[in-house]
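The chain contents come next:
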Amino acid sequence: MTNRPLSLTVNGKVRPLDGVPESERLLDTIRWRLGLRGTKEGCRSGECGACTVLVDGVSTLSCLTLSHEVDGSSLTTIEGMADDPVGHEVEEAFARAGALQCGYCTPGFVIALVGLLNERGRSASVDELLADLGGNLCRCTGYLSIARAVALLQKEGR
Amino acid sequence: MPSFSLVTPTTVEAAIAELRTGAPGEVAVLAGGTDLVFDLDRAGPNLRRVLSLRCLPWRTLDWNGPVLTVGSTLPLRSLEEDPDVARRHPGLFQAIRAVGGVPLRHRATLGGNLGRAAPASDLLPVLLVLDAEVDVVGPSGSRSVSVDQFLLGSRRTTLARGELIRSVRFPEPRPSAYLWQRVRPANDISQVAVAAAFSPSDRHWRLAVGGIPPRAVRLPEAERALSSPDPTREELGSAAEHATHHLSIAADRRASEEYRRHLVGVLLERAVRSASARSLEAGRLDP
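Residues numbered from 1 in each chain as written. Chains lettered and ligands numbered in written order. Predicted model: local features only at pLDDT ≥ 70, side-chain atom pairs only at ≥ 80, totals over all residues.

## Structural notes on the overall build of chain A
Line of reasoning, step 1. Looking only at helices and strands, chain A features 5 helices and 5 strands.
Line of reasoning, step 2. In chain A, the order of α-helices and β-strands from amino to carboxyl end is β-β-α-β-β-β-α-α-α-α.
Line of reasoning, step 3. Expected size for 158 residues packed as a compact globule is a radius of gyration near 15 Å; at 16 Å, chain A falls within 12% of this value.
Line of reasoning, step 4. With the principal axes as the frame, chain A shows a C-alpha extent of 50 × 30 × 20 Å.
Line of reasoning, step 5. A buried classification covers 48% of the 158 residues belonging to chain A.
Line of reasoning, step 6. Within chain A, residue pairs in contact and separated by at least 24 positions form 59% of the contacts whose partners lie at least 6 positions apart. (Helix = DSSP H or I, 4+ residues; strand = E, 2+ residues; numbered from the N terminus. Rg over C-alpha atoms; globule rule 2.2 N^0.38 Å. Buried ≥ 20, exposed ≤ 12 C-beta atoms within 10 Å, placed from the backbone. Contact = placed C-beta atoms within 7 Å.)

Set out below in structure tokens:
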């Protein structure tokens, strides 16, 4: 099988990649070729949201996406959130609300929430945001503190 | 994951030609990939190519008077965000919101749902009650087929070799509703789902049930029990009874036969009531 070169802009930096199999999933490219281990592998079947990343600003499940399908796109992972004004605020809100226990689901939650705020704008209601975070699973049963983080963010952000 | 090459044609003709090359079963069609990519791990050794539709001009949404035409590769999230879809096809909007979570809907498509024909698809029941038509292109031109005829069974459709789904057409806005029961609200699969719609043009109800293998089906006996846009309690009870008694219901790891039978009746009554309320509301808005 021929493997075409792949070019992704990852957290603002152009990253040309060679030798990526056309059958490879974006999750594996991010974790094992780009070495960005903040993006987590949970279920690998689109049920948990742990692998969520932004592709051209839009939240996407990297476990169900072939890397070559997003060739030429701009990718943002949890490692890029510190440089993103909204991402930084979301992280701060999670930290202050203690919205994590083991932390495995946190990158997915943060990215999904940033994606929603990009789409809906900062005036989105807390209920609307929480409903649309339904695709992210937390197995430490930390949903209450995550809901508090969203409430905190929306109260202070507006 | 087995090794395969990813082919990304930029014209419909090239895509059709690509599908006709090689042995049958050698190529799989990729729209959003949310169902297919999961299955690629278990693909047999015959799979050699995956044909991506991402460069075809099918990410469209068009209203032509009452007729809504949705391109087969439009992400469901774009359909969900169209205010006219939510207003004129409330049941379709509810069904879309029942698919996965937001990140999944950013890639999942209507074409993929139809082409993959998953028995538990949340979109197929509502497509049935809206009398959606599937526009297919292939080596011998274009054809249109109703969703009911398009679906043959679990993972089986009438798509012939070399054919692709171009778009899905919804002939008229209908007061409609889609209700489901499942363990988790998001990123889960419905144990039972019921779609109901009232057609203002022929004044008849359409009812369909999904979530039960092998495929979503219409409920003609139950439909006949409903005589007006605002059915009486007796009519509703009779429709629910027809549905629960005439339907062949399979058990699987998601739900027992008994529980499903119970759910069909409960969800049917609620879905018709909800669509009926929308019908009366629409009547007041557009006399």
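## Some thoughts on the overall build of chain B
Line of reasoning, step 1. Assigned secondary structure in chain B consists of 12 helices and 14 strands.
Line of reasoning, step 2. Relative to the 2.2 N^0.38 estimate, which gives 19 Å for 287 residues, the radius of gyration of chain B is 19 Å and therefore close to what a compact globule would have.
Line of reasoning, step 3. On the principal axes, the C-alpha backbone points of chain B span a range of 60 × 45 × 35 Å.

## Re the sheet that holds strand β4 (residues 58-61) of chain A
Residue and element names in this part refer to chain A.
Line of reasoning, step 1. As summarised here, the arrangement of the 5 strands in space is β2-β1-β5-β3-β4, forming an open sheet in which the pairing is mixed. One side of each edge strand has no neighbouring strand; the edge strands of this open sheet are β2 (13-17) and β4. Within this sheet the neighbouring strands show an average axis-to-axis angle of 35 degrees, counted without direction.
Line of reasoning, step 2. For strand β3 (residues 52-55) and β4, the ladder comprises 4 bridges, and the chain directions are antiparallel. Of the residues in β4, the one forming a bridge with V55 is V58. (Pairing = 2+ DSSP bridges. Axes fitted to C-alpha atoms, helices over the stretch in contact; angles between N-to-C directions.)

## Some points on the domain arrangement of chain A
Residues and elements named next belong to chain A.
Line of reasoning, step 1. Partitioning chain A into domains gives domain 1 (6-79) and domain 2 (81-157).
Line of reasoning, step 2. Spacing between the C-alpha centres of domain 1 and domain 2 amounts to 20 Å.
Line of reasoning, step 3. In this assembly, 16 residues from domain 1 lie in contact with 16 residues from domain 2.
Line of reasoning, step 4. The element contributing the most residues to the side of domain 1 that touches domain 2 is β3, with 3 residues.
Line of reasoning, step 5. Of the residues assigned to the side of domain 1 that touches domain 2, the class counts are 7 nonpolar, 8 polar and 1 charged. (Domains from an automatic or database assignment. Nonpolar A, V, L, I, M, F, W, Y, C, P; charged D, E, K, R; others polar.)

## Focus on the nonpolar core
Line of reasoning, step 1. By size, the foremost hydrophobic cluster in this structure holds 124 residues, and its most contacted members are A:L113, B:V194, B:A195, B:A196, B:L268 and B:A271.
Line of reasoning, step 2. Looking at this core, the element that brings in the most residues is helix α3 (residues 106-120) of chain A, giving 8 residues.
Line of reasoning, step 3. In contact with B:V194, not counting residues within four places along its chain, are B:P125, B:L179, B:L207, B:V209, B:V264, B:L267, B:L268 and B:A271. (Core = buried A, V, L, I, M, F, W, Y, C linked by C-beta atoms within 7 Å.)

## So, the interface of chain B and chain A
Line of reasoning, step 1. Counting residues at the interface gives 22 residues for chain B and 26 residues for chain A.
Line of reasoning, step 2. Taken together, the elements giving at least two residues each to the side of chain B that touches chain A come down to β1 (5-7), α2 (36-40) and α6 (102-105) of chain B.
Line of reasoning, step 3. Of the residues belonging to the side of chain B that touches chain A, the class tally is 11 nonpolar, 9 polar and 2 charged.

## Overview of the environment of A:G134
Line of reasoning, step 1. With respect to the helices and strands, A:G134 occurs in the loop between α4 (126-132) and α5 (143-157).
Line of reasoning, step 2. When the C-alpha atoms of A:G134 and A:G49 are compared, they prove to be 9.1 Å apart, with 85 residues separating the residues in sequence.
Line of reasoning, step 3. Filtering out sequence-adjacent residues up to four positions away, A:G134 remains in contact with B:G101, B:P185 and B:A186.

## Points about the domain arrangement of chain B
All names here are of chain B.
Line of reasoning, step 1. When the domains of chain B are assigned, the result is domain 1 (5-52), domain 2 (61-170) and domain 3 (176-285).
Line of reasoning, step 2. When each unit is reduced to the centre of its C-alpha atoms, the spacing between domain 1 and domain 2 is 19 Å.
Line of reasoning, step 3. The partner domain 2 presents 19 residues to the 13 residues of domain 1 that form the contact.
Line of reasoning, step 4. In terms of residues, the side of domain 1 that touches domain 2 owes the most to one element, helix α1 (residues 12-20), which gives 5 residues.
Line of reasoning, step 5. In terms of residue class, the side of domain 1 that touches domain 2 is made up of 8 nonpolar, 3 polar and 2 charged.

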